[in-house]
Amino acid sequence: MFHGHDEHRLGAMQTLPRPMRKFRDDEVVDYCVVGVGSAGGVLVQRLARAGFRVVGLEAGPFWDTEKDWVSDEKGSHELYWNDLRIIGGTDPLALGENNSGKGVGGGSVHWAAFTPRFHPSDFRVYSEDGVGADWPISYWDLKPYYELLEREIPVAGPAWFPWGDPHGHPYGPHPLGGVGDILVRGCTKLGIRTVAGGPVAILSASHGDRPHCIYRGFCIQGCKVGAKASTLITHVPDAITHGAEIRAHSMAARVSLRDDGRVDGVTYFDREGNEHFQRARAVIVSGYAIETPRLLLNSACPGHRHGLANSSGTLGKYLMAQAGNVVAGRFDELIRLYKAPPAHALSEEFYETDRRRDFARGFAIQTVGPLPVAFAKQMMAAMGAWGWGMRRVMMDYNHWATLGVLGEILPWEDNRVELAEEKDRFGLRVAKVTFNLHENDRKLIEFGKRKVMNVLWAAGATQVVQESRFAHLVGAARMGNDPATSVVDRFGRTHDIPNLFICDGSILPTQGSANPGLTIQALAARTADYLIQQGDAIFSSSRRDLSEPSIRYDFSPPYTKWKGNPRIA
Amino acid sequence: MKRSFPYRASGGEMRGLAQPGYYPDFSTLAQKKTWDEATRQVVTERVERPPAVRFFSQQEAALLQTIIDRVMPQDDRDEDHTIPVLPAIDERLFNKSINGYRYEDMPSDQEAYRLGLAAIAEMAQQRFGQSFVALSVHRQELLLKSLHDEKPDPEHTVWGRMPVKRFWAMLLGDCVAAYYSHPWAWDEVGFGGPAYPRGYMRLENGMPEPWESDETRYEWSAPADSVSDFTEDDRREWSKKW
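Residues numbered from 1 in each chain as written. Chains lettered and ligands numbered in written order. Predicted model: local features only at pLDDT ≥ 70, side-chain atom pairs only at ≥ 80, totals over all residues.

Caption draft 1: Fine view of the overall build of chain B. Looking only at helices and strands, one finds nine helices and three strands in chain B. Order of helices (α) and strands (β) in chain B, N terminus to C terminus: β-α-α-α-β-α-α-α-α-α-β-α. Radius of gyration (C-alpha) of chain B: 20 Å, near the 18 Å computed for a compact globule of 242 residues. Counting only C-alpha atoms, chain B reaches 55 × 45 × 40 Å along its principal axes. Here chain B holds 242 residues, and the buried ones make up 38% of them. (Helix = DSSP H or I, 4+ residues; strand = E, 2+ residues; numbered from the N terminus. Rg over C-alpha atoms; globule rule 2.2 N^0.38 Å. Buried ≥ 20, exposed ≤ 12 C-beta atoms within 10 Å, placed from the backbone.)

Caption draft 2: How the structure looks around helix α12 (residues 517–534) of chain A. Residue and element names in this part refer to chain A. Taking 1.5 Å of rise per residue, the 18 residues of α12 would be expected to cover 26 Å, and the 26 Å separating its terminal C-alpha atoms lies within 8% of that figure. Counting buried positions along α12 yields 15 of 18 residues, so the element is predominantly enclosed. Downstream of α12 by a residue or two, G535 has a phi angle that is positive, lying close to 60°. (Expected span 1.5 Å × (residues − 1).)

Caption draft 3: Up close: the interface of chain A and chain B. Contact with chain A, which involves 67 residues of that partner, is made by 53 residues of chain B. A total of eight residues in the side of chain A that touches chain B trace back to one element, the largest contributor, which is helix α10 (residues 387–395) of chain A. For the side of chain A that touches chain B, the class distribution of residues is 34 nonpolar, 15 polar and 18 charged. In the sheet, strand β5 (residues 86–88) of chain A pairs with strand β2 (residues 102–103) of chain B via two bridges, with the strands oriented parallel. Residue I87(A) lies in a different strand from β2(B), and its bridge partner there is Y103(B). (Contact = placed C-beta atoms within 7 Å. Nonpolar A, V, L, I, M, F, W, Y, C, P; charged D, E, K, R; others polar. Pairing = 2+ DSSP bridges.)

Caption draft 4: Inspection of the pairing of strand β16 (residues 416–423) of chain A at higher detail. As judged from the five bridges shared by β16(A) and strand β17 (residues 429–434) of chain A, these two strands associate in the antiparallel manner. Looking across to β17(A), one finds that R416(A) is bridged to T434(A).

Caption draft 5: Structural view of the sheet that holds β17(A). The strand order across the open sheet built from four strands is β16(A)-β17(A)-β5(A)-β2(B), with neighbouring strands paired in mixed fashion. Looking at the sheet topology across the chains shown, the edges are occupied by β16 of chain A together with β2 of chain B. Across the sheet, helix α8 (residues 288–298) of chain A is in contact with β16 and β17 of chain A; its angle to β16(A) comes to roughly 65°. (Axes fitted to C-alpha atoms, helices over the stretch in contact; angles between N-to-C directions.)

Caption draft 6: Representation of the environment of R391(A) in the model. Mapped onto the elements of the fold, R391(A) is located in helix α10. Taking the C-alpha atoms as reference points, R391(A) and A376(A), separated by 15 residues in sequence, lie 9.2 Å from one another.

Caption draft 7: Structural detail: the packing of helix α5 (residues 178–189) of chain A against helix α11 (residues 439–458) of chain A. Residue and element names in this part refer to chain A. Packing of α5 against α11 brings their axes to within 7 Å, and their N-to-C directions diverge by 100°. Judged by the angle between their axes, α5 and α11 are roughly perpendicular. Every residue of α11 that contacts α5 at L183, G186, C187 and K189 is listed here: V455, L456 and A458. (Parallel < 35°, antiparallel > 145°, perpendicular 65-115°, else oblique.)

Caption draft 8: Highlighting the packing of helix α2 (residues 58–71) of chain B against helix α4 (residues 109–128) of chain B. Residues and elements named next belong to chain B. Relative orientation of the contacting elements α2 and α4 amounts to 75°, with a least axis distance of 11 Å. Between α2 and α4, the angle is such that the two are roughly perpendicular. Along the contact surface, α2 presents E60, L63, L64 and I67, while α4 presents L117, I120 and A121.

Caption draft 9: Fine view of the pairing of strand β10 (residues 275–285) of chain A. Residue and element names in this part refer to chain A. Note: strand β3 (residues 29–34) against β10, five bridges, orientation parallel. Residue pairing across strands places V34 opposite V285, the latter belonging to β10. Across five bridges, strand β9 (residues 263–269) lies against β10 in antiparallel orientation. Considered in β10, the bridge of T267 is made with F277. In sequence, β9 turns back onto β10 through a hairpin of five residues, with G273 there showing a positive phi of about 90°. Pairing of β10 with strand β20 (residues 500–502), which is carried by three bridges, proceeds in the parallel orientation. From the neighbouring strand, I284 faces β20, where its bridge partner is F501.

Caption draft 10: Structural view of the environment of G261(A). Mapped onto the secondary structure, G261(A) falls in the loop between β8 (251–257) and β9. In the structure, G261(A) is positioned 152 residues away from E413(A) in sequence and 28 Å away in space, judged by C-alpha atoms.

Function cannot be inferred from these measures alone, as they are strictly geometric.
So this is what it looks like as structure tokens:
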């Protein structure tokens, strides 16, 4: 296929729709969405389809996948949120490439794209286990949106996914790579059920103007192929076609509050550092678990001294990351772990609370596929490798298989995002992120780590080592029914301000041991349906209607219709 | 530059090698015509035009290069196939490029490097009465190993202000990032390298693509004066089942 040099490419075959509508700062738009990532991308798409005037402010660039992305670890540094944040606590969270994206598509640009659903029990952790929190919604409220997003993305995976609420997937599973083969082999020997070839947001067959996966292994460096879903290629093009504006290189500084207690727009800086103010009838903050609380804390003003929408004092608190221990096993035979998507086989056999264990909740076992630089860094910690030891273990790179523990860490008040004294180049105070493991977390990690080590022994490994690390970020602006203990209600509307919403991973009250991406997108689609059903009332009324919206199947991006979720039971 | 050569179990020092590792005929760069333009540019630039040193002073650069020679040793490689590590670290610090965070108990990366280098220089003088650069390879490694083991010998006030394990992790992390992002290192470890738009097709059983090669293993030992290789105790520990 021929493409002109001036075309903005989104994957190997798709191009950015043109022209894109442009709003002036002084034009009052209906919705200003801050952050065009996993949630923001879905929101702007739905709201534009419904006819609202929508601007998405994105701090990073509007990626051209052909020119800006490379099949190279070091060359992919700009995909991440690299700006300064201060980290502390007993177990500081490494940020940047580990868990935060910058640019249109946000974290969905560099996620490994595992897309398991949360289990029904995740929504009732406090009721069932007396720890953590309950969600203000149930799994069944979200289920239709899981199914819808699985078709929109669309998700490839097994026909039978046996855990949680069993379900199938619209696209067939991927072939196994060497690491998936080890996971299945080791688990099978131990009688642990596994699924293989998904669920992942990676195409196993072509879909509209997106080709299928070519198994090159650079998923988390940004998929140049366009096979791995990111909102950059799944929802943003449709948003632009329907009249949304995505304004890249726009760093939000403050959400502005009027005297009548309603917000009226967002102050932001362009890439040259010029300050602008985008007027809006409602604002949705979708900046993820660090930038969302940071923006609202930086928006403190008279009447909201401790940050906007923080009358509960919980803004920034109950931040969560999942345990992400990488367990590596050396095999006599060659594995070549760099081939195939890093994410392609898993087990959720240990997901739920088991009364025979001395901790609540559980973990998943998943494939990971570190490329050479990432693997070398893992071996620094896992084997204490340096000097000739580093050269030696790396010469054996192709003999190693790596599995991840994905462990549920509970929400704790002392795990939090605050403002540091340091400022960024715009003069905005940066985030300080504090993280401490608690007893339940430590027991769970120890158990999970040993279990995964046993899987590798069972698969025939001759050496097994592990590195402690964390994966994903959620929480810090949690949803709940009680305005005294949560920041937003069941639809993401802040308890304090009727036309200010939060919609991203930060609203999750607990996190399960499922990767959060699909859940974040499903929640965004549900919030969009709520906003669409409420219509103009959002812009003028303070009445809080908490009835569930009806799901809109007519607002999906192209190629979704006629796709189906297999009915398996 | 001081050198210290590993040797083959079958005898003979390993020196002057164009390509160490178990994949003698494998070259990722030989495939670059099949890569996309943006990737080809980034990787070619890395190989052909390492950046000039702009952040470190000449004296600091000489000391850091000597440290890098032990942390990421390349004594087995011939001069024309030595992978530039120092320029990559210098460029990162010069451009103030960070990885998205700073530990609350650490200074900026730039200050951390300056402090760490000064401490290592003074530790060498205190312990051995010589500059670090002038020390034997063995003594250089003994000093660095004390940082690696988080037991600086001799102690130095800098490690009271900056946790030694964080400095060591940053230094080592920067070294491996520079080394293993170079296509010659990909050849050494048998990594297939960039594969868009062609892709991989042999996913199972560790099989090579038609342009990859199979492994040709040999046993080798680290230089006799080195303390950075794994020990028998390490190997026993990693082979111990739970």
